[in-house]
Amino acid sequence: MKKILTLCLCLLLAAVFSGCGSDKTADNTDQNGKKFKIVTSFYPIYIETINITKGIDGVVVENMTKPQTGCLHDYQMTPADMKKLENADVFVANGAGMEAFLDDIINEQKQLYVIDSSANIPLLVDEHGENAHVWVSVSNSITQVQTIAEELSKADPQHAEQYHKNADEYIARLQQLKDEMHAVIDPLPQRKIVTFHEAFPYFAQEFNLEIVGVIEREPGTSPSPSELTDIINQVKDMPTKALFAEPQYSSTAAEAIANETGAKIYTLDPVVTGADDADAYIEAMQKNARTLQEALK
């Protein structure tokens, strides 16, 4: 009799627990253990997205490219990249032409919900075309976070409230960051800067800086002799002789200009690489503000 009661109790418990897992659970994991998977195109979009999805059970975020990849101007997708996308529910891109392969993804991965995070941002255009480095402006980063949260809520309505709550919290921190940076940068007497490549026009627009020279239009492409001469003359005419390299690339060209002009080399980070840390963008931008304060005082 005792054995029969024990068996009945075990069967009852098994029925209860199996019943709890029969439908899609609250953590967005289905019967087969599948989670809602988000893939981001590269580092700054990954940082924005992990802030929006922070603490949400059953939602995972994976960056398609390595954290050391940098900008995706000429990036060629790998079979491993395609595999990640095949198993994803959502792909979050920077857009604005940064991911040259984006149209191929949209055409080939019909099941994939694609988010263009730059969709609501007015793009800057020069003789080289539209500039894709929108996230380097804190205001634009805020807009991207809003767009990503809104689109994730459509793709995964089960967690819409949590996406928006996280986005609002992160946006509040980004707004505080922007205010702090203005307090540091706005009073600086010098406004002219020479940057390493075309990553900082949105940043310059936001903080009322004037980019008077660009060392390398494309990273890894050294300036021509005439371009080098023009930059050297521009730097010589600047009251504060400062050049801004980027931590992701060689500073050889900047060093050559510094040798000719006596300029000092500083580092501005476009935040295209870094640690797997939700605070990485904010910390990098705070450091950029301090660097400008030192260089342009």
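Residues numbered from 1 in each chain as written. Predicted model: local features only at pLDDT ≥ 70, side-chain atom pairs only at ≥ 80, totals over all residues. Heavy atoms only, no water.

Looking at the overall build of the protein chain
Filter applied, for reference: Helix numbers and strand numbers start at the N terminus; a helix is a DSSP run of H or I with at least 4 residues, a strand a run of E with at least 2. Here the term buried applies to any residue with accessible area under 20% of the maximum for its type, exposed to any over 50%, and partly exposed to those in between, with areas from a 1.4 Å probe on protein chains only. Only the protein chains shown count as cover for residues, with accessible areas throughout obtained via the Shrake-Rupley method and a probe of 1.4 Å.
Within the protein chain, the regular secondary structure consists of 10 helices and 10 strands. Counting across all 297 residues of the protein chain, residues that qualify as buried make up 47%. In the form shown here, the protein chain has an accessible surface area of approximately 14700 Å², with 51% of it arising from carbon and sulfur atoms.

Details of the packing of helix α2 (residues 43–52) against helix α5 (residues 138–155)
Keep this limit in mind: Fitting a line to C-alpha atoms yields each axis, with helices limited to the stretch in contact; the angle taken between N-to-C directions then spans 0 to 180 degrees. Relative orientations are named as follows: roughly parallel for angles under 35 degrees, roughly antiparallel for angles over 145 degrees, roughly perpendicular for angles from 65 to 115 degrees, and oblique for any other angle. In this scheme, a crossing is called left-handed if the near helix is turned counterclockwise away from the far one by less than a right angle; it is called right-handed if the turn is clockwise. When checking whether two residues touch, look at their non-hydrogen atoms; a contact exists if any pair is within 4.5 Å. Ten residue types, Ala, Val, Leu, Ile, Met, Phe, Trp, Tyr, Cys and Pro, are classed as nonpolar, four, Asp, Glu, Lys and Arg, as charged, and the remainder, Gly among them, as polar.
Relative orientation of the contacting elements α2 and α5 amounts to 55 degrees, with a least axis distance of 10 Å. As judged from the angle between their axes, α2 and α5 are oblique. In this structure, α2 meets α5 at a crossing whose hand is right-handed. Contact residues: α2 offers Ile45, Glu48, Thr49 and Ile52, while α5 offers Ser141, Gln144, Val145, Ile148, Ala149 and Leu152. Its residues assigned to classes, the contact of α2 with α5 comprises six nonpolar, three polar and one charged.

Let's talk about the sheet that holds strand β8 (residues 210–214)
Applicable threshold: Note on pairing: DSSP must find at least two bridges between two strands before they are called paired.
If you trace the four strands from one edge of the open sheet to the other, you get β8-β7-β9-β10, paired in parallel fashion. What marks the edges here is a single partner per strand, and that holds for β8 and β10 (264–267). Averaged over all adjacent pairs, the angle separating strand axes in this sheet is 35 degrees, with direction ignored. Across four bridges, strand β9 (residues 242–245) lies against β10 in parallel orientation. In the strand pairing of β10, Ala242 is matched with Lys264. Helix-sheet contacts for helix α10 (residues 280–296) involve β7 (192–195), β9 and β10, and the interaxial angle to β10 is about 165 degrees.

Details of the pairing of strand β4 (residues 113–116)
Test applied: Crossover handedness is defined by viewing with both strands directed away from the observer: a clockwise path from the first strand over the helix to the second marks the crossover as right-handed.
Alignment of strand β3 (residues 90–93) against β4, held across four bridges, turns out to be parallel. Looking across to β4, one finds that Ala93 is bridged to Asp116. Crossover handedness for the path β3 to helix α4 (residues 102–108) to β4: right-handed.

Topic: the nonpolar core
What counts here: Note on terminology: a nonpolar core comprises buried Ala, Val, Leu, Ile, Met, Phe, Trp, Tyr and Cys residues joined through side-chain atoms within 4.5 Å.
Ranked by internal contacts, the top residues of the largest apolar core, which has 69 residues, are Phe91, Phe203, Tyr281 and Leu292. Considering each element in turn, this core owes the most residues, nine residues, to α10. Every residue in contact with Phe203, bar those within four places of it in the chain, is listed here: Val136, Ser137, Met181, Ile185, Leu209, Met285 and Leu292. One finds Met238, Leu243, Ala253 and Ala254 within the second-largest nonpolar core, a separate group that totals 13 residues.

Notes on the pairing of β7
Pairing geometry for β7 and β8, over four bridges, is parallel. Paired with Ile193 across the strands is Ile211, a residue of β8. Handedness of the crossover joining β7 and β8 through helix α7 (residues 201–206): right-handed. Direction of pairing for β7 relative to β9: parallel, over a ladder of two bridges. Pairing of Thr195 across the sheet is with Phe244, part of β9.

Some details on the pattern of salt bridges
Our working rule: Each reported salt bridge corresponds to a side-chain nitrogen of Lys or Arg within 4 Å of a carboxyl oxygen of Asp or Glu.
What the rule picks out here adds up to six salt bridges. Glu62 is the salt-bridge partner of Lys84, the closest N and O atoms lying 3.8 Å from each other. Of this pair, Lys84 sits in helix α3 (residues 79–86) while Glu62 sits in strand β2 (residues 59–63), placing them 22 residues apart in sequence. Since its relative accessible area comes to 29%, Glu62 is described here as partly exposed. Across the salt bridge formed by Lys154 and Glu151, the nearest N and O atoms sit 3.2 Å from each other. On the criterion of helical spacing, the pair formed by Lys154 and Glu151 is a turn pair, its members being three residues apart in helix α5. Overlapping salt bridges bring together Lys37, Glu62 and Lys84 as one network.

A word on the environment of Ala258
For Ala258, the location among the structural elements is in helix α9 (residues 252–261). The exposure class of Ala258 is buried, given its relative accessible area of 12%. For Ala258 and Val235, which are 23 residues apart along the polypeptide, the C-alpha to C-alpha distance reads 8.9 Å. The residues touching Ala258, leaving out its near neighbours within four places in the chain, are Leu243, Ala263 and Ile265.

Here we look at the packing of aromatic side chains
Note the cut-off: The aromatic pairing rule takes the rings of Phe, Tyr and Trp, using the six-membered ring of Trp, and pairs them if the centres are within 6.5 Å, calling planes under 30 degrees apart stacked, those over 60 edge-to-face and the rest tilted.
Enumeration according to the criterion identifies six aromatic pairs in this entry. Arranged with centres 5.0 Å apart and planes meeting at 50 degrees, the rings of Phe203 and Phe207 form a pair that is tilted. Neither Phe203 nor Phe207 differs from the other in exposure class; each is buried. An aromatic cluster is built from Phe200, Phe203 and Phe207, whose rings are joined through pairwise contacts.

Read these as spatial facts, not as claims about activity.
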